[in-house]
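# Per-entry structural report
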Amino acid sequence: MALSVQAVRGMNDLLPADTARWQQAEQVLRDTVASFGYSEVRMPLLEKTNLFSRAIGEVTDVVEKEMYTFEDRSGESLSLRPEGTAGCVRACLEHNLIYNQEQRLWYMGPMFRHERPQKGRYRQFHQLGVEVFGLNGPDIDAEIILLSKTLWDKFGISDNLKLQLNTLGTSEERLAYRQNLVSYLEQHFDDLDEDSKRRTHTNPLRVLDSKDPKTGEILVNAPQLMDFLGAESRAHFDNLRQILESCGVAYEINPRLVRGLDYYNLTVFEWVTDALGAQGTVCGGGRYDGLVAELGGSPTPAVGFGLGLERLILLLTTLEKLHERNAVDIYVVGAGDNAAVEQAKLSLRLRSDLPHARIMNHCGGGNFKKQFRRADKLQAKAAVILGESELATGTLTVKDLHAGDGTQQTLPYAEAVALLKSLL
Ligand code: ATP
Ligand code: MG
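Keep in mind that this is a model prediction, so the values were computed, not measured.

## A closer look at the site of ligand 1
If you check the shell around ligand 1, you find 14 residues, and the closest are R113, E115, R121, Y122 and R259. The separation between an oxygen atom of ligand 1 and a polar side-chain atom of Q127 is 3.0 Å. Between ligand 1 and V282, the relevant distance is 3.1 Å, taken from an oxygen atom to a main-chain nitrogen or oxygen of the residue. When ligand 1 sits alone it has 580 Å² of accessible area, and the protein chains cover 88% of it.

## Points about the environment of L391
Relative to the assigned elements, L391 resides in helix α14 (residues 388-393). Sequence-wise, L391 and V341 are 50 residues apart; in three dimensions their C-alpha atoms are separated by 12 Å. When neighbours within four sequence positions are excluded, L391 is seen to be in contact with E342 and L386.

## A closer look at the packing of aromatic side chains
Applying the stated criterion to the full structure yields 5 aromatic pairs. Both rings, one in F133 and one in Y288, keep their centres 6.3 Å apart while their planes meet at 85°; by these two values the pair is edge-to-face. Pair noted here: F133 is in strand β6 (residues 124-133) and Y288 is in the loop between β10 (281-287) and α10 (291-294), with a separation of 155 residues, a long-range link. Pair check on accessibility: F133 and Y288 agree, each one buried. Relative to W271, the ring of W152 has its centre 5.8 Å away and its plane inclined at 75°; by these criteria the two rings are edge-to-face. With a gap of 119 residues between them, W152 in helix α5 (residues 138-155) and W271 in strand β9 (residues 265-272) connect regions that are remote in the sequence. Exposure class is identical for W152 and W271. Each is buried. Directly above the aromatic system of Y413 lies the positively charged group of R349, at a separation of 3.5 Å from the ring centroid.

## Quick notes on the side chain of R123
With respect to the helices, strands and loops of the structure, R123 is situated in the loop between β5 (103-112) and β6. One buried charged residue, R123, remains without a salt bridge, the closest side chain of opposite sign being E115 at 8.3 Å. If sequence neighbours within four positions are ignored, R123 has contacts with R9, G10, M11, Y68, M111, F112, R113, H114, E115, R116 and P117.

## A few points about the UniProt feature "binding site: L-histidine" (unreviewed entry) in the protein
UniProt's feature table lists "binding site: L-histidine" (unreviewed entry) at E83, G84, T85, R113, Q127, E131, R259, Y263 and Y264, given in the numbering used throughout. With respect to the helices and strands, the residue R259 is situated in the loop between β8 (252-253) and β9. Its location among the elements puts Y263 in the loop between β8 and β9. Its relative accessible area of 8% is what places Y263 among the buried residues. Aside from chain neighbours lying at most four places away, what touches Y263 is A55, I56, E83, T85, R287, Y288 and L291.

Thresholds, definitions, all that
Residues numbered from 1 in each chain as written. Chains lettered and ligands numbered in written order. Predicted model: local features only at pLDDT ≥ 70, side-chain atom pairs only at ≥ 80, totals over all residues. Heavy atoms only, no water. Near = heavy atom within 4 Å. Polar contact = N/O pair within 3.5 Å; in protein donor to acceptor, adjacent residues only side chain to side chain. Areas by Shrake-Rupley, 256 points an atom, 1.4 Å probe, with all protein chains shown as cover. Helix = DSSP H or I, 4+ residues; strand = E, 2+ residues; numbered from the N terminus. Contact = heavy atoms within 4.5 Å. Phe/Tyr/Trp six-rings, centres within 6.5 Å; stacked < 30°, edge-to-face > 60°. Buried < 20%, exposed > 50% of the residue type's maximum accessible area, 1.4 Å probe, protein only. Lys NZ or Arg CZ within 6 Å of the ring centre and 35° of its normal. Lys, Arg positive; Asp, Glu negative; His and termini not counted. Salt bridge = Lys/Arg side-chain N within 4 Å of Asp/Glu carboxyl O. UniProt positions renumbered as here; feature names shortened; annotations may be inferred.

Now the structure itself:
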């Protein structure tokens, strides 16, 4: 018996019923980023491994334990991209897109992380990423948050997503805070979870987003980064809040929100839902002013977010915001000796005269009953019949399949096309 091969764990096939829903969601995403004037970039799925370890940080979950890394045939270490920001910055530097220029960019595609698969968490997943370069004010931070809010409005899910906001200050401010935080954590060291113990000395800010309940209790009284911010960082945060409030965007300040990747400073945010269980973060982002220089460019302010498409589509499906959609509007059926030739010709002609219709030509012959069964199964709106008598008289018979009463009319070609148009 042949060995049956299955997909890699955590990597999903999207079947026709899924792609119909995905395409609806993707269309809204594309239309919305375009409506804000953003341009698309497409990067390779593979990059050199050191791009990610430099950009994301050595002591992060993603780099420590989640990357798909391998040596290619020439012995070079490559990794499947676990996120898009690093590759986007790399591409912009390589093609000189950001030196002294502003860029508002987006991309959409698969990302890869070796995590434990569960609802809303997969090993191949998809993100919409938005990245802006060359602007350092709170106005652009607000813009990308407003862009994400516009998405929820268009999908009709604003009531199900809450915005969490925090500021991480500058690296100098974080350094002062870090020392205070470390000495506080050291006082409670024995009660911390294992990951947090390790991170206390490698990456103490990450202890703040520990999900461990006991660590959580300890953090209640930990020093707050907000108290270590200078006037400029405070003003940036206050101005951002003012724009959001003026635009009617509600938010909650979450001082423990630090995000999983090392490159963030000042603004960080997440959009969270409680409709998906544990995997509640649908979209997260922030400012990363140090990254472009870290990757060899000249210092360039930058801000962006990543939106998880699987979680978004799970949420939209749970809330019944996507409609079922069949694939066919018009089904062409026929009979007679020359049916295959005539149906193929007619279908082409109809597709050129009805460019927005989805027209499927029946293949494989059989009687009309069988052919109409196919049309019904596909939930086509109309059938076009090309039988012996239609061929002989140069007409077409159009049957309205949704009328339910079997209504059909035999008409000259142009009138048949007009009738089909009215049925679509
Ligand atoms: P989480 O805390 O859920 O692991 P994260 O902080 O690792 O998320 P980011 O790196 O900020 O996630 O990625 C942005 C978005 O991409 C997330 O908010 C989420 O919607 C989605 N995402 C991240 N990892 C996965 C995954 N393994 N499977 C599905 N979606 C994911
Ligand atoms: Mg993660």
